[in-house]
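Okay, here's what each chain looks like letter by letter:
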Amino acid sequence: MRLPVSTAFALAAVTLAGALVAGVSIRSSERPGEVRDPWSPSAVGEALVRVVTLALPVPTPLEGQEPTPELDPRALLREAGDNDTGSGRYWEFYFTRAIYSEYQGGWGWGRRARWATDYPKADHQFLIVLNRLIAIDAYGGENAVRLDDPEIRRFPFLYALEVSRMNLTEGEVQGLRDYLDAGGFLVIDDFWGERALQNLAYQLNRVLPGRSIRPVPMDHAIFNTVYALDEIQQVPNVGNGRRGGPTTECWGCEPMVFGVFDDRDRLMVVINWNTDLGDAWEWAEDPWYPLQYSTFAYKMGVNMVAYAMSH
Amino acid sequence: MEGLFEFLFKYRPVLFQEGEVVLGTTWPIGILVGGVALLGIAAVVTYGVTGGKARPVERTVLATLRLAALGVLTFALLQPTLVISSVVPQRNFVGILLDDSRSMNLPGEDGAPRRAWMEATFGPEGSELIDALSERFALRFFRFSAQTGRVDGIGELGFQGTRTDLAGALTRAHEELASVPLSGLVLVSDGAENGAQPLSEAIIPLQAASVPVYSVGLGAEALVPDIQVSRVEVPGTVMKGTAMLVDVVVTQRGLAGRTVRVLVEDGPRIVTEEEVELGADGEPTVVRIPLTLEEVGPRNLRFRIPVLDGEAVPENNARERLVDVTDQTEKILYFEGEPRWEMKFLRRAVEDDENLQVVVLQRTAPDKFQRYEVDDGEELLGGFPRTREELFRYRGLILGSVEASFFTRDQLQMLSDFVGDRGGGLLFLGGRNAFAEGGYAGTAVEDVMPFYLEEPAPDARAAFQSVSVSPTPAGQSHPVGQLGGGSWDDLPPLSTLNRVVRLKPGATALLTGTAGEEERIVLAHHRFGRGKALGLPVQDTWMWQMHADIAVDDPRHEVLWRQLLRWLVDGVPDPVSVRLGRERVEPGESVELSATVMDSAYIGLNDARVTALVTHPSGAVTEQSLAWSVEEDGEYGGSFLPREPGTHGVVVRAERAGGLIGEASTILQVGPSQEEYFDAGRRTPLLRRLAEDTGGRFYTPASVSNLPEDLRFTGAGVTLTEERDLWDMPIVLILILGLLGAEWGYRRLRGMV
């Protein structure tokens, strides 16, 4: 997210007032089963952020709003540059970005769909480093494909981010379900807060009914496939990272890696929650962006690719 | 024809074949030639100078006829004589070998059992044949089936022998009669040979000793109507759950166009069945039966066609085959030079197969490797194996996109030895660093590949070609080509970066593909040394799993890889292996046992202590030592004599310096054989060749009356020389009268008389 901080604070103030007037209750249930003091400082801060989030015009899935029909991802692709990948098989690996539908409306920056956040610079930069870190035959350009496009089945690695407003069409649900059941691998990144997670859970439940989202333990292969990672770092967006400010985009949000597993306990979907790997890839060359976050983001990215290509 | 010859020439042709024609006159040859010449000149001059109205042509014809008559007369005056060697009566022996096998109970040409003629001819009542033979020879009788023995009369024959060992019978009879003057051996049989010893080897001593064999063929050449299971092609050992194709060859006479069922039975259970429409009479029909065996252990499979009405030989409608179904996990090393989707989807395809363990070594960066499915932390810790012991513990090897320069020269040779010496299966996958593009031309590994390498593409990416894949005829009949019954037609095309178009001699292509106008090899294999090598120069069979045209639950990708990898390691030997000379014998029949013993680097060991423990059906265990064969490193041999019917378990243990090198096991089925009922028609060509190759003759019951006289003039045994006049042959008189009559007739015709 690249929401200016001043704007965010202004919004927070306005919406907090509105929320209090409207009698929005403050609950603390960040993690199921966890009992917390609702009036502790962290809970209050968290609640404030939650209220900000709730106040944003993001409809709940139950509201059943229509996806944005006017969104033309191809136009965005043309904007971004050449996306010609030929037959799709001149290269072994394509960093493929998922184009998905989302809820209508927004706060002004909706003119650029969220799937295209950091696009295509993050993709390019990640591929440059990926090609240098492991002996992979990776296409260096961007490759964005709609979830309901049959072509997506040619690219078994898929990256989607900013999924808080994701609202898949039935065609996309079917396309993603077949993709994952056939052996495709989906990486989710850069979405923050419980409500966004709930929306993702709702969407994934439509795609893979009956499969739950579970935390990925640190001894899982995805943390050890190429690089041994012993902790999950919260990777800040470029604004927070440059400032040296808080790494989180929501009050008290801790980074976590969730997964959706198949019947043989292999990861089908890896979910990077409350972290922004994409910005760390995109701004790795920025001298003001702390290298430690980019290092972690690249390690995690390489591990995810290596895991996807071997399991 | 032979009768006409005998009428004209006084004697049967065989006498002229065995004897020599000489001129018996005592006159000096010069005088004879001179006299004949004078007569001839006189005749020519007479016809030439005589006046008259005869034309030159007429004179020439008359002179020729007269000269011919003079010539025949002269021949008769020269006293032509046939000189032949004839046996001395009662000084020579003849061995008579009587077929005592079960097939003699089958119907002969006249509908009666084949043995009926034998019993009538050689029975106690006697016969003209026996009388004629006894007149000149001392007769010695033998009966033969699986074994051969002397008998005093046909009453000792039971016609229950389960094998017809012609070679053994001839050898044994020759040996028994080696010390007496032997005029020949008379073999009375239907020729349904099914002995272990090659017949060609048995006749060499007979040829050397000039002992002719006179064969008497019994029975009809074709039994009608009849259908038989002629052959069953099934591996002796198979992994549990492996889908295989069994070829059952069915032959028939008198049933062309009929549809029959071929049943596969495992004990009382019908495993599967297949319907087949029979071809033309005498033409073999191959029935291809898909078969998967799930029950572990030795399985005695029976391939049976239900008996049809009126069949001449119902006993040949079934064949049994012993298949050892194993349940061991076969370890395959897959070395991949870079992260590739092919590796991921290959692993997923075979992960449910409990009999396959694909250990993956994947290079992720120079000198950095990822390992998957290893047994412990030590396995492949140093990267690709550097010793034969380390590499040869795998039974199969898959080589992905990894350049030849990655390997040391020793490692390249080791890869070659993995197939050639160790007998492993090696599968080459396509990729940007595989085959010619990987620099394998000129290396030891190139020799292993089943096809020739072309010039490498200067830019591998530019060599990209889409390939539409289809099975070759050989592929259609191969388990790998079956796809579990799925179709090849709707599979999406694959791609390749390696141009492969030329097979090596002896290699077989199972899959080919069309890339533009060019036909490419997609899957080929060949034997290399003790093992086999497969080449699959495409890079993305995973598209058959992921492509949008493929249903998510489509099993073809999994089936292909399971079959391919199971086939890759099928028949790969262990350091200790055992083989039997025959998988089925009769009680009391000796079994050859051979074993190969190698160390962990698959180098033959000659100083091992090798023992075979045979578990008999009664539970008794006997131990048999096997000795080094001397001819080849690591080869040991021995034999044992099973006496009980039933399944015998054989375990071979190899030890060295007190330590166990390894064990191998096999099974042996002991019981009466049904072989006598297969191909039970009279084998005239075999019996005729046997006779002709030894200087004898072939007879049927209709022509056997000539046998006693033929035996007289074989030249074998104690003989004396006989001279028989030929001047009084009817042909001489007929020729003289004919020629003179022709001359007279010609004169009448031309008005000269």
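Keep in mind that what you see is a predicted model, and the values were worked out from it rather than measured.

Quick word on the overall build of chain B
- The helix and strand tally for chain B stands at 18 helices and 35 strands.
- Relative to a compact globule of 753 residues, whose C-alpha radius of gyration would be 27 Å, chain B shows 37 Å and is clearly more extended.
- Once the C-alpha set of chain B is aligned to its principal axes, its extents read approximately 115 × 75 × 55 Å.
- Looking at chain B as a whole, 40% of its 753 residues are labelled buried.
- In chain B, the share of contacts with a sequence separation of at least 24, taken over all contacts with a separation of at least 6, comes to 75%.

What about the sheet that holds strand S2 (residues 143-146) of chain A?
Residues and elements named next belong to chain A.
- Spatial strand order, S2-S1-S3-S4-S7-S6-S5: seven strands in an open sheet with mixed pairing. Among the strands making up the open sheet, the edge pair consists of S2 and strand S5 (213-215). When the angles between neighbouring strand axes are averaged without regard to direction, this sheet yields 30 degrees.
- Bridge count for strand S4 (residues 185-191) against strand S7 (residues 267-273) is four bridges, and the pairing is parallel. Within S7, the position partnered with Leu186 by the bridge is Val269.

Notes on helix H5 (residues 114-122) of chain B
Residues and elements named next belong to chain B.
- Taken together, the buried positions of H5 are Arg114, Arg115, Trp117, Met118, Thr121 and Phe122. The buried residues of H5 occupy one face: seen down the axis, they fall within an arc of 155 degrees.
- Those residues of H5 hidden inside the fold are in contact with strand S3 (92-99), helix H6 (128-136) and strand S6 (182-189).

Comments concerning the nonpolar core
- Formed by 175 residues in total, the largest nonpolar core has its most connected members in Ala160, Ile188 and Val269 of chain A together with Ile332 and Phe428 of chain B.
- Sorting elements by how many residues they give to this core places helix H9 (residues 291-308) of chain A first, with eleven residues.
- With 42 residues, the next largest nonpolar core counts Trp117, Val186, Ile203 and Leu218 of chain B among its residues.

Observations regarding the interface of chain B and chain A
- Taken together, the contacts link 25 residues of chain B with 23 residues of chain A.
- Looking at the side of chain B that touches chain A, the element that brings in the most residues is helix H9 (residues 341-350) of chain B, giving five residues.
- Grouping the amino acids of the side of chain B that touches chain A by side-chain chemistry returns ten nonpolar, six polar and nine charged.

Section: the environment of Glu128 of chain B
- Secondary-structure assignment places Glu128 of chain B in helix H6.
- What makes Glu128 of chain B exposed here is the crowd of 11 C-beta atoms within 10 Å.

Topic: the environment of Met414 of chain B
Residue and element names in this part refer to chain B.
- Summarising the element assignment, Met414 is placed in helix H11 (residues 409-420).
- A count of 24 C-beta atoms within 10 Å places Met414 in the buried class.
- Distance from Met414 to Ala243, taken between C-alpha atoms, is 31 Å for residues 171 residues apart in sequence.
- When near neighbours in sequence (up to four residues on either side) are disregarded, Met414 contacts Arg388 and Leu391.

Re the sheet that holds strand S26 (residues 576-580) of chain B
All names here are of chain B.
- Ordered by their spatial adjacency, eight strands build an open sheet running S26-S28-S31-S30-S29-S32-S33-S27, and the pairing between neighbours is mixed. Both outer strands of the open sheet, S26 and strand S27 (584-585), are each paired with one neighbouring strand and no more.
- As judged from the two bridges shared by strand S30 (residues 621-628) and strand S31 (residues 635-640), these two strands associate in the antiparallel manner. Paired with Ala627 across the two strands is Gly637, which belongs to S31.

Calculation rules
- Residues numbered from 1 in each chain as written.
- Chains lettered and ligands numbered in written order.
- Predicted model: local features only at pLDDT ≥ 70, side-chain atom pairs only at ≥ 80, totals over all residues.
- Helix = DSSP H or I, 4+ residues; strand = E, 2+ residues; numbered from the N terminus.
- Rg over C-alpha atoms; globule rule 2.2 N^0.38 Å.
- Buried ≥ 20, exposed ≤ 12 C-beta atoms within 10 Å, placed from the backbone.
- Contact = placed C-beta atoms within 7 Å.
- Pairing = 2+ DSSP bridges.
- Axes fitted to C-alpha atoms, helices over the stretch in contact; angles between N-to-C directions.
- Arc of directions from axis to C-beta.
- Core = buried A, V, L, I, M, F, W, Y, C linked by C-beta atoms within 7 Å.
- Nonpolar A, V, L, I, M, F, W, Y, C, P; charged D, E, K, R; others polar.

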